[in-house]
Amino acid sequence: MNQRFESERKKMVDEHIIRRGITDERVIEAMLKVPRELFVEEAFQEKAYGDHPLPIGCGQTISQPFMVALMTQYLKLSGTERVLEIGTGSGYQAAVLAELAQKVYTIERIKILFEKAQKILLEKIRYKNIITVLGDGTLGLPNFAPFDRIIVTAASSDVPKILTDQLAENGILVVPKGDKFIQTLTIITRRDGELITQDAGGCVFVPLIGKYGWKEEN
Ligand code: SAM
């Protein structure tokens, strides 16, 4: 274990997670545990514990630690849930989820990122409760539905019905909803078959691209 990264992680959690209002003890524990430096490119390792997104290649980003903690807190995980993540990216959010849920299914559409994340999650850290999938996450994973929680870590103009259809009763879906440049963090809960929507403030994510997302730009 690298002592320097460990103390940087603790500082990041104190200054950017706890001080900014994250209160879920399990989320805080997970953020203290997952080695974020493994999920960023070597050139950015020094910046791994700053509270900002970082490039991960292919025009994509690893989200800022506070946003990862906030979205995770909104999922209200107790440890028994099956979670679907759309947008594996670096794999960091999937690792945080794996610390807190029973099983995590994570989908990435870009092969290079999928392979890189898979290597870190399954071979390096060796999570046993993560399933990595290469494909279009806007379709969800109907064969494995319903999910207790769904987290979309890319910006969507709307919430595809195909995804809410895969949300279990009492399930929670978290998604950045808006245009390509700015979004509102949106929390959707399925209760008695109804979908209840709550806005949780502004955020900025890269676009969700796929059949029920934005079209790919050439
Ligand atoms: N959760 C990631 C992490 O911890 O590093 C950050 C995700 S990054 C902000 C958004 C990711 O969503 C990108 O890797 C992008 O390729 C992916 N993405 C966009 N549209 C997608 C889709 N339809 N299906 C799966 N992944 C998608």
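This text goes with the structure placed above it.
Residues numbered from 1 in each chain as written. Predicted model: local features only at pLDDT ≥ 70, side-chain atom pairs only at ≥ 80, totals over all residues. Heavy atoms only, no water.

**Some thoughts on the overall build of the protein chain**
Piece 1. Regarding its fold elements, the protein chain presents 6 helices and 9 strands.
Piece 2. Within the span of the protein chain, comprising 218 residues, buried residues form 49% of the whole.
Piece 3. Excluding contacts between residues fewer than 6 apart, the proportion of contacts in the protein chain whose partners are at least 24 apart in sequence is 55%.
Piece 4. Working note: accessible area of the protein chain is about 10,600 Å², and carbon and sulfur atoms make up 51% of it. (Helix = DSSP H or I, 4+ residues; strand = E, 2+ residues; numbered from the N terminus. Buried < 20%, exposed > 50% of the residue type's maximum accessible area, 1.4 Å probe, protein only. Contact = heavy atoms within 4.5 Å. Areas by Shrake-Rupley, 256 points an atom, 1.4 Å probe, with all protein chains shown as cover.)

**Some remarks on the site of the ligand**
Piece 1. What surrounds the ligand is a group of 27 residues, the closest being Ser90, Gln93, Glu108, Gly137 and Ile209.
Piece 2. At 3.0 Å from a nitrogen atom of the ligand is found a side-chain nitrogen or oxygen belonging to Asp136.
Piece 3. Coverage of the ligand by the protein chains reaches 100% of its 600 Å² of free accessible surface.
Piece 4. Put simply, the parts of the chain that give the shell around the ligand at least two residues each are β2 (60–62), α4 (92–100) and β4 (103–108).
Piece 5. In terms of residue count, β2 provides more of the shell around the ligand than any other element does, 3 residues in total.
Piece 6. Classifying every residue of the shell around the ligand by side-chain character gives 10 nonpolar, 13 polar and 4 charged. (Near = heavy atom within 4 Å. Polar contact = N/O pair within 3.5 Å; in protein donor to acceptor, adjacent residues only side chain to side chain. Nonpolar A, V, L, I, M, F, W, Y, C, P; charged D, E, K, R; others polar.)

**A few points about helix α2 (residues 25–33)**
Piece 1. Within α2 the residues assigned to the buried category are Val27, Ile28, Ala30 and Met31. The arc enclosing the buried residues of α2, seen along the axis, measures out at 160°, which places them on a common side. Turned more than 90 degrees away from the buried face of α2, the exposed residues are Glu25 and Lys33.
Piece 2. Packing partners of the buried residues in α2 comprise α1 (3–18), α3 (65–74) and α4.
Piece 3. The residue sitting at the N-terminus of α2 and contributing the capping side-chain oxygen is Asp24; that oxygen lies 2.9 Å from the backbone nitrogen of Arg26. (Arc of directions from axis to C-beta.)

**Here's the deal with α3**
Piece 1. Of all the 10 residues making up α3, 8 are buried; the element is thus mostly covered by neighbouring parts of the structure.
Piece 2. Of all the positions in α3, only Pro65, Phe66, Met67, Val68, Ala69, Leu70, Met71 and Thr72 are classed as buried.
Piece 3. Of the residues one or two after α3, Lys76 is the one with positive phi, at around 50°.

**Notes on the pattern of salt bridges**
Piece 1. Counted under the stated rule, the structure contains 12 salt bridges.
Piece 2. Between Lys10 and Asp14 there is a salt bridge, with the nearest N and O atoms lying 3.1 Å from each other. On the criterion of helical spacing, the pair formed by Lys10 and Asp14 is a turn pair, its members being 4 residues apart in helix α1.
Piece 3. According to the relative accessible area criterion, Lys10 is partly exposed, its value standing at 46%.
Piece 4. Notably, a salt bridge pairs Glu115 with Lys111, separated by 3.2 Å at the nearest N-O pair. You can see Glu115 and its partner Lys111 sitting in helix α5 (residues 111–124), 4 residues apart, about one turn around the helix.
Piece 5. Through salt bridges with shared partners, a single network forms among Arg4, Glu8 and Glu46. (Salt bridge = Lys/Arg side-chain N within 4 Å of Asp/Glu carboxyl O.)

**Description of the packing of aromatic side chains**
Piece 1. On inspection of all chains with the given rule, the structure shows 4 aromatic pairs.
Piece 2. When the ring of Phe5 is compared with that of Tyr49, the centres are 6.3 Å apart and the planes differ by 45°; the resulting orientation is tilted. Within this pair, whereas Phe5 is found in helix α1, its partner Tyr49 is found in the loop between α2 and β1 (54–57), the two being separated by 44 residues in sequence. For the pair shown, Phe5 and Tyr49 are each scored as buried.
Piece 3. A centroid spacing of 5.8 Å and a plane angle of 65° characterise the contact between Phe39 and Tyr92, whose relative ring orientation is edge-to-face. (Phe/Tyr/Trp six-rings, centres within 6.5 Å; stacked < 30°, edge-to-face > 60°.)

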